[in-house]
Amino acid sequence: AYGDAVSVASFAGVTLAAPAVAIASTPTGRGYWVAAADGGVFSFGDAGYFNSMGGTALFAPIVGMAATRDGQGYWLVAADGGVFSFGDAGFHGSTGGVRLDQPIVGMAPTPDGLGYWLVAADGGIFSFGDAAFYGSMGGQHLNAPIVGMAATRSGQGYWLVASDGGVFAFGDAAFHGSAANENIGTGVTGMAPTADGNGYWLAAATAAVLPF
């Protein structure tokens, strides 16, 4: 944890049945959920537990998660695009059972929680519920695969980030720079926007953080 982000607990020194693959914060910032590849969900701080896919046979591993704005629910997404909803997180559709050119690598919900986007490694975007489509990198040449995404606060745009640090902005998501031409010596694994959308952080596999 850095800045005013609190660390309430972690898995340091704990052996997990499957690796942790995603984290989502509560609205207060005083808790978070950690999702594992086998669908297990672990709650810390003021994060409530609303069930999980742990112990259930999955067709594909979990690759991402997102929490509802009120913190009373969350979604898990698998590499095949299967979406699992818990608490007050509504199910609005998925790509489970659909043949994908590349696996799903992340998701982002709309502000009202009535929709979400899924992003694939080739930059393809899949919109469900009230999530509008603003463009994608699907069908375009990428120097490195997409590894994550984030939505703007308005829900009228989103960013995609690639493992080489390339950032692609759509809708009202502004481009503030990328690490695509920097020799960072590691792969980027995810991103998070600032509250006002006027910047974002890229996180690398070495736990390095790149601000823009």
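Further up the page is the structure itself.
Rules and cut-offs
- Residues numbered from 1 in each chain as written.
- Predicted model: local features only at pLDDT ≥ 70, side-chain atom pairs only at ≥ 80, totals over all residues.
- Heavy atoms only, no water.
- Buried < 20%, exposed > 50% of the residue type's maximum accessible area, 1.4 Å probe, protein only.
- Helix = DSSP H or I, 4+ residues; strand = E, 2+ residues; numbered from the N terminus.
- Pairing = 2+ DSSP bridges.
- Core = buried A, V, L, I, M, F, W, Y, C linked by side-chain atoms within 4.5 Å.
- Contact = heavy atoms within 4.5 Å.
- Axes fitted to C-alpha atoms, helices over the stretch in contact; angles between N-to-C directions.
- Phe/Tyr/Trp six-rings, centres within 6.5 Å; stacked < 30°, edge-to-face > 60°.
- Polar contact = N/O pair within 3.5 Å; in protein donor to acceptor, adjacent residues only side chain to side chain.

Caption draft 1: Representation of the pairing of strand β2 (residues 31-36). Where burial is concerned, most of β2 is hidden: 6 out of the 6 residues are buried. Because side chains alternate across β2, one face comprises the buried residues G31, W33 and A35, and the other comprises Y32, V34 and A36, equally buried. In this structure, strand β1 (residues 20-25) lies alongside β2, joined through 5 bridges in antiparallel fashion. Bridge assignment links A22 to a residue of β2, and that residue is A35. Connecting β1 to the antiparallel partner β2 that follows it, the hairpin turn spans 5 residues, and G29 within it adopts a positive phi of roughly 80 degrees. The pairing of β2 with strand β3 (residues 41-45) spans 5 bridges and is antiparallel. The partner of G31 across the bridge, within β3, is G45.

Caption draft 2: Representation of the nonpolar core. Ranked by internal contacts, the top residues of the largest apolar core, which has 17 residues, are W117, V119, I125, I146, M149, Y158 and L160. If we ignore the near neighbours within four places in the chain, the residues touching I146 are V105, V119, A120, A121, D122, G123, L160, V161, A162 and F168. Judged by nonpolar contacts, the second largest core, of 16 residues, contains A22, A24, W33 and A47.

Caption draft 3: Examining unusual backbone geometry more closely. Its identity is not glycine, yet N51 carries a phi of approximately 100 degrees, on the positive side. Here N51 lies in the loop between β3 and β4 (62-67). We classify N51 as partly exposed; its relative accessible area is 43%.

Caption draft 4: Main features of the sheet that holds strand β6 (residues 83-87). An order of β4-β5-β6 is seen for the 3 strands of this open sheet, with the pairing classed as antiparallel. Across the chains shown, the open sheet's two edge strands, defined by having one partner strand only, are β4 and β6. Across the sheet, the mean angle from the axis of one strand to that of its neighbour is 20 degrees, orientation sign disregarded. Pairing of β4 with strand β5 (residues 73-78) involves 5 bridges; the strand directions are antiparallel. Following the sheet pairing, A66 is matched in β5 by W75.

Caption draft 5: Just the packing of aromatic side chains, in detail. Summed over all chains, the structure comprises 13 aromatic pairs. Pairing Y116 with F128 gives two aromatic rings, centres 5.8 Å apart and planes at 45 degrees, and the pair type is tilted. Of the two residues, Y116 sits in strand β8 (residues 115-120) while F128 sits in strand β9 (residues 125-129), which places them 12 residues apart along the sequence. Look at Y116 and you get buried, because its relative accessible area is 0%. Judged by its relative accessible area of 14%, F128 is buried. With centroids separated by 5.9 Å and ring planes inclined at 45 degrees, the aromatic side chains of Y200 and F212 adopt a geometry described as tilted. With Y200 in strand β14 (residues 200-204) and F212 in the segment after β15 (209-211), the pair connects residues that are 12 residues apart, well separated along the chain. Ring-pair connections join several aromatic residues into one group, and the members of that group are F11, Y32, F42 and F44.

Caption draft 6: Looking closely at the side chain of T26. Structurally, T26 can be placed in the loop between β1 and β2. Note on T26: relative accessible area 6%, which makes it buried. Only 2.9 Å separates the side chain of T26 from the side chain of D46, close enough to count as a polar contact. When neighbours within four sequence positions are excluded, T26 is seen to be in contact with G31, Y32, W33, D46 and A47.

Caption draft 7: Broad picture of the sheet that holds strand β11 (residues 157-162). The sheet built from 3 strands is open, its strands ordered β10-β11-β12 with antiparallel pairing. Of all the strands in the sheet, just β10 (146-151) and β12 (167-171) have a single pairing partner and so form its edges. Each strand axis lies, on average, 20 degrees off the axis of its neighbour in the sheet, ignoring direction.

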